[in-house]
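Remarks on the overall topology
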Amino acid sequence: ASSQNLEKPNNDISPPTTNSKQSQHNPTMIATLSMRAIKAPIRMATLKHNAAAMQNVSILVRNFSLNPATDPKAKMRNFDESLARKEIKADTAASNRILNLGPSLDLSKFKTLDESVVRKIYQELVYADKGADGRISDRDIKRLLYKHTSAFTDTEIVEMGELFYASKAGGTVSIEKFIEAVDYATAKKEGKVDGPNPIGIGSCVPEYMFVKTHGNYTPEKLDVKLTHVEPESRLDKVALNAVKATRIIFDTATGWNRGSITREKVLNRTIFLETVAAIPGMVAAIIRHFRSLRNMQRDGGMLQMFLEEANNERMHLLTFIKMKDPGYLFRASVIGGQLAFGSIFFVSYAASPSFCHRFVGYIEEEACSTYTKIIDAIEQAPKDNELAAWRTELAPKIARSYWKLGEQGTVLDMIYAVRADEAEHRDVNHTVSGFAHDAINPVYNPEEKLNKMLVAYVSDIMAKENKTSA
């Protein structure tokens, strides 16, 4: 802005005062109140880019440090003044840089970001840069994203901070390099670039970081399609036939195909199957864990994924037993099933992980089919049928919290979520069948996660810019 347009500085700014008797004798409270009064115009100047306002701030700081009324106890003067100046130092530096309207960047090297977006990102980064050193830390990233809560949840903001911390091993990155990473992420989404992100996640992150939530499934995720992977190798065919034979035997033994589907049949079947379904993931994780220790090599994050899969199946079980408490005979059959299936699967996985993952993939195909039949039975049940009650009956509390079904989440909602879990297990196990033992986790790729969040960040900036200009 020209000097003619600048507001006339207000030289009559007085230091903060208070009428409270308690605060008149409390130097720490006075320092706190005074610093708040000083920081408010600083942030206003930062947001408005107003040089006159910054001049007012300087006058206010000078008045505060020189006026003894702000500190009735002389021995606290140096402490208060030092603390006040320390508090405003970072904000003042950030304000000065923002008033200069951004970086001296070579805009020609950016493939997707235009100048206005680059400068907007730069200004936000400067304000988030609490250390005022031109470098961004994981805490600065969180501070930045909390300005974009319309695009990020609290969980995603924390995760982004953790990813950034891991990528730099606790270090920082320059503001310019961060903007390059944002441009790279958007360019990669459009297929203009390939290779690793300039920030550089590295290969160690998957070994210990696996963030997976089963809550808030989208309607698209809940609309599970019944898919089938055709067997290719001899082992694939053996796995498919083994699953078909197991299904026939189990259906016959439980009377699943005799008569209509009832509440009792559903609970007996799901409870027993979930006690077995949680075994493969745990066995895979244990064997991969020992292999990693024995060979002193990384696992690629697969271990974390299979542990989560096993726990997810366990949560299915803990949910269904809230709806029925099995008897002693049922519990005895579960013990026998775990001993038999667990032992066989452990030996099989040690011999051929590819066969076992294909086997589990086909098992999960059958699970998706079973839960689809249950959903259809509930939705089509007449009003006087016992299954019809599940359309309105509240799901157990553990289910509503785990899948984030909401306060009014029903049993039907819960079964939709369970089926979505099984579909994910189906796809994952088919995908990893044939993977090398040191392959990277295909479900949680930290660099893809980082790129996705950077794209969401810049998209939110553009949306706000368009809304402002409209």
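Conventions used here
- Residues numbered from 1 in each chain as written.
- Predicted model: local features only at pLDDT ≥ 70, side-chain atom pairs only at ≥ 80, totals over all residues.
- Heavy atoms only, no water.
- Helix = DSSP H or I, 4+ residues; strand = E, 2+ residues; numbered from the N terminus.
- Expected span 1.5 Å × (residues − 1).
- Buried < 20%, exposed > 50% of the residue type's maximum accessible area, 1.4 Å probe, protein only.
- Core = buried A, V, L, I, M, F, W, Y, C linked by side-chain atoms within 4.5 Å.
- Contact = heavy atoms within 4.5 Å.
- 1 Å grid on protein atoms, 1.4 Å probe; cavity = no way out; pocket = protein on both sides within 12 Å on 5 of 7 lines; lining within 4 Å.
- Points joined across faces, edges and corners; volume = space filled by probe spheres on them.
- Nonpolar A, V, L, I, M, F, W, Y, C, P; charged D, E, K, R; others polar.

With respect to helix 7 (residues 154–167)
Because each turn of an α-helix spans 3.6 residues, side chains separated by three or four positions end up pointing in the same direction. For helix 7, built from 14 residues, the straight-helix expectation of 20 Å at 1.5 Å per residue is met to within 8% by its first-to-last C-alpha distance of 20 Å. Among the residues of helix 7, those classed as buried are Ile157, Glu159, Met160, Gly161, Leu163, Phe164, Ala166 and Ser167. Backbone geometry just downstream of helix 7 places Ala169 in the positive-phi region, at approximately 50°.

What about the nonpolar core?
Nonpolar side chains in soluble globular proteins generally cluster together in the buried interior. Counting 60 residues, the largest nonpolar core has Ile121, Phe178 and Ile179 as its most contacted members. Residues contacting Phe178, with those up to four places away along its chain left out, are Leu125, Ile141, Leu144, Phe164, Val173, Ile199 and Leu454. With 37 residues, the next largest nonpolar core counts Ile271, Ile375, Trp390 and Ala399 among its residues.

A closer look at the layout of surface pockets
Over the atoms, a rolling probe the size of a water molecule traces out where space has been left empty. Approximately 1,400 Å³ is the volume attributed to the largest pocket. If you go around the largest pocket, you meet 38 residues; those closest to its centre are Lys212, Thr213, Lys221, Lys449 and Lys452. Looking at the lining of the largest pocket, the elements with two or more residues in it are helix 7, helix 9 (219–222), helix 16 (411–432) and helix 17 (446–469). Sort the elements by how many residues they give to the lining of the largest pocket and helix 16 lands first, with seven residues. Class assignment of the residues belonging to the lining of the largest pocket gives a composition of 14 nonpolar, ten polar and 14 charged. Considering only enclosed or pocket space, the second largest pocket measures out at about 780 Å³ in volume. Looking at the second largest pocket, it is lined by 34 residues, and the ones nearest its centre are Thr246, Leu273, Val276, Phe341 and Ile363. No other element matches helix 14 (residues 353–380), which puts ten residues into the lining of the second largest pocket. In terms of residue class, the lining of the second largest pocket is built from 21 nonpolar, six polar and seven charged.

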